[in-house]
Amino acid sequence: MTEIEAIQVRHSVRAYQNRKIEQEKVDQLKALIDMVNADGNLHLQLIEDAGNTFKRILSKVMGLGSAPSVIACVGPDDDTLEERIGYYGEKLVLAAQCMGLNTCWAGTFQKNGVPAKIGAGERLVIVIAIGYGEHQGKQRKSKTAEQVSSVQGARPDWFDFGVEMALRAPTAINQQSFEIRLNEDGSVDFTDKGGPFSKVDLGIVKYNFTVGSEYMKNGGADC
């Protein structure tokens, strides 16, 4: 499965099987986490036993109490942390989908129940539930490309496909609170319109847009 295919088929999953992730896949995930931590100046961590992460009543109601493992999204706390977590965390989410795993970005969790290492000056922003889902999730309602994007001049195919992939990005409470603007010089601006975890969402959106736009610029070939 390619990243494009992963974006197209991946949906948030909140109900998980009582099944551990195989060691081979754990090793693959940890190697990729090391890579994105280096690239994004982050401290993301795979916690194989989710423990008490989702013991809050709201988490249980949402079904996340069944998640066997989580990725703790930690990093040096600055103004760019949440967006970087969204961008690089989405790379992990898509890789997990390619491995046959399911995921859910979760902002509702018990922070003191996450056995993550949080260093001085670092912050735990959000977690990603990961494991084998009871199902593959379902398509949610989405805004249109016209509602989230604007263009100065013609709309190139690479931009439109990037926007299409961005609209498939998971966002908190399905708010899709972002705008993507193509400027006359070919540069692209992303605007966060606010809302819960909207900076994390913007990073996720940027990653999906980049995968989609680069795919078209490469003539329909995955990078």
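Here the structure is shown first, and the text comes after it.
Here goes a summary of the coordinates provided. These figures come from a predicted structure and were not determined experimentally.

### Describing the packing of aromatic side chains
For any pair of aromatic rings, the description consists of the separation of the ring centres together with the inter-plane angle of the planes.
And then number 1: This structure, assessed with the given rule, holds 6 aromatic pairs.
And then number 2: Both rings, one in Tyr87 and one in Tyr88, keep their centres 5.1 Å apart while their planes meet at 70°; by these two values the pair is edge-to-face.
And then number 3: With a relative accessible area of 18%, Tyr88 lands in the buried category.
And then number 4: Ring geometry for Trp158 versus Phe159: centroids 6.1 Å apart, planes at 90°, classification edge-to-face.
And then number 5: For Phe159, a relative accessible area of 0% gives the class buried.
And then number 6: By way of ring pairs, the aromatic residues Trp158, Phe159, Phe190 and Phe209 are connected into one cluster.
And then number 7: Just above the ring of Tyr132 sits the side chain of Arg19; from NZ or CZ to the centre is 3.6 Å.
And then number 8: The cationic tip of Lys217 hangs over the ring face of Trp158; the distance from NZ or CZ to the ring centre is 4.2 Å.

### Section: the sheet that holds strand 6 (residues 178–182)
Consider a sheet: its strands pair through backbone hydrogen bonds, and that pairing is either parallel or antiparallel.
And then number 1: Ordered in space as 5-6-7, the 3 strands form an open sheet in which the pairing is mixed. Only two strands of the sheet have a single partner each, and these edge strands are strand 5 (149–151) and strand 7 (188–192). Averaged over neighbouring strand pairs, the angle between their axes works out to 15° when direction is ignored.
And then number 2: As paired elements, strand 6 and strand 7 share 5 bridges and run antiparallel to each other. Bridge pairing in strand 7 places Glu179 opposite Thr191.
And then number 3: Running over the sheet, helix 7 (residues 198–217) touches strand 6 and strand 7 and is turned about 155° from strand 7.

### Topic: helix 7
And then number 1: With 20 residues, helix 7 should reach 28 Å at 1.5 Å per residue; the first-to-last C-alpha distance of 28 Å fits that figure.
And then number 2: Across the 20 residues of helix 7, 14 count as buried, placing the element largely inside the fold.
And then number 3: Downstream of helix 7 by a residue or two, Gly219 has a phi angle that is positive, lying close to 75°.

### Describing the pairing of strand 2 (residues 69–76)
Where a strand is regular, its side chains alternate between the two sheet faces.
And then number 1: With 7 of 8 residues buried, strand 2 lies mostly within the body of the structure.
And then number 2: As paired elements, strand 1 (residues 45–47) and strand 2 share 3 bridges and run antiparallel to each other. When the bridges of strand 2 are listed, Gln45 appears paired with Ala72.
And then number 3: With 8 bridges connecting them, strand 2 and strand 4 (residues 122–131) associate as antiparallel partners. Residue pairing in the sheet places Cys73 in a bridge with Ile126 of strand 4.

### Quick word on the packing of helix 6 (residues 157–167) against helix 7
And then number 1: The contact between helix 6 and helix 7 brings their axes to 7 Å, and the two run at 145°. The crossing of helix 6 and helix 7 is right-handed. Residues Asp157, Trp158, Phe159, Phe161, Gly162, Val163, Met165 and Ala166 of helix 6 lie in contact with helix 7, whose contacting residues are Val205, Asn208, Phe209, Gly212, Ser213, Tyr215, Met216 and Lys217.
And then number 2: Here the residues of the contact of helix 6 with helix 7 sort into 10 nonpolar, 4 polar and 2 charged.

### As for unusual backbone geometry
And then number 1: One non-glycine residue with positive phi stands out, namely Ile173, at about 45°.
And then number 2: Considering the arrangement of structural elements, one finds Ile173 in the loop between helix 6 and strand 6.
And then number 3: For Ile173, a relative accessible area of 72% gives the class exposed.
And then number 4: Positive phi values are uncommon outside glycine, yet Phe197 reaches one of about 55°.

The rules we used
- Residues numbered from 1 in each chain as written.
- Predicted model: local features only at pLDDT ≥ 70, side-chain atom pairs only at ≥ 80, totals over all residues.
- Heavy atoms only, no water.
- Phe/Tyr/Trp six-rings, centres within 6.5 Å; stacked < 30°, edge-to-face > 60°.
- Buried < 20%, exposed > 50% of the residue type's maximum accessible area, 1.4 Å probe, protein only.
- Lys NZ or Arg CZ within 6 Å of the ring centre and 35° of its normal.
- Pairing = 2+ DSSP bridges.
- Helix = DSSP H or I, 4+ residues; strand = E, 2+ residues; numbered from the N terminus.
- Axes fitted to C-alpha atoms, helices over the stretch in contact; angles between N-to-C directions.
- Contact = heavy atoms within 4.5 Å.
- Expected span 1.5 Å × (residues − 1).
- Left-handed = near helix turned anticlockwise from the far one by under 90°.
- Nonpolar A, V, L, I, M, F, W, Y, C, P; charged D, E, K, R; others polar.

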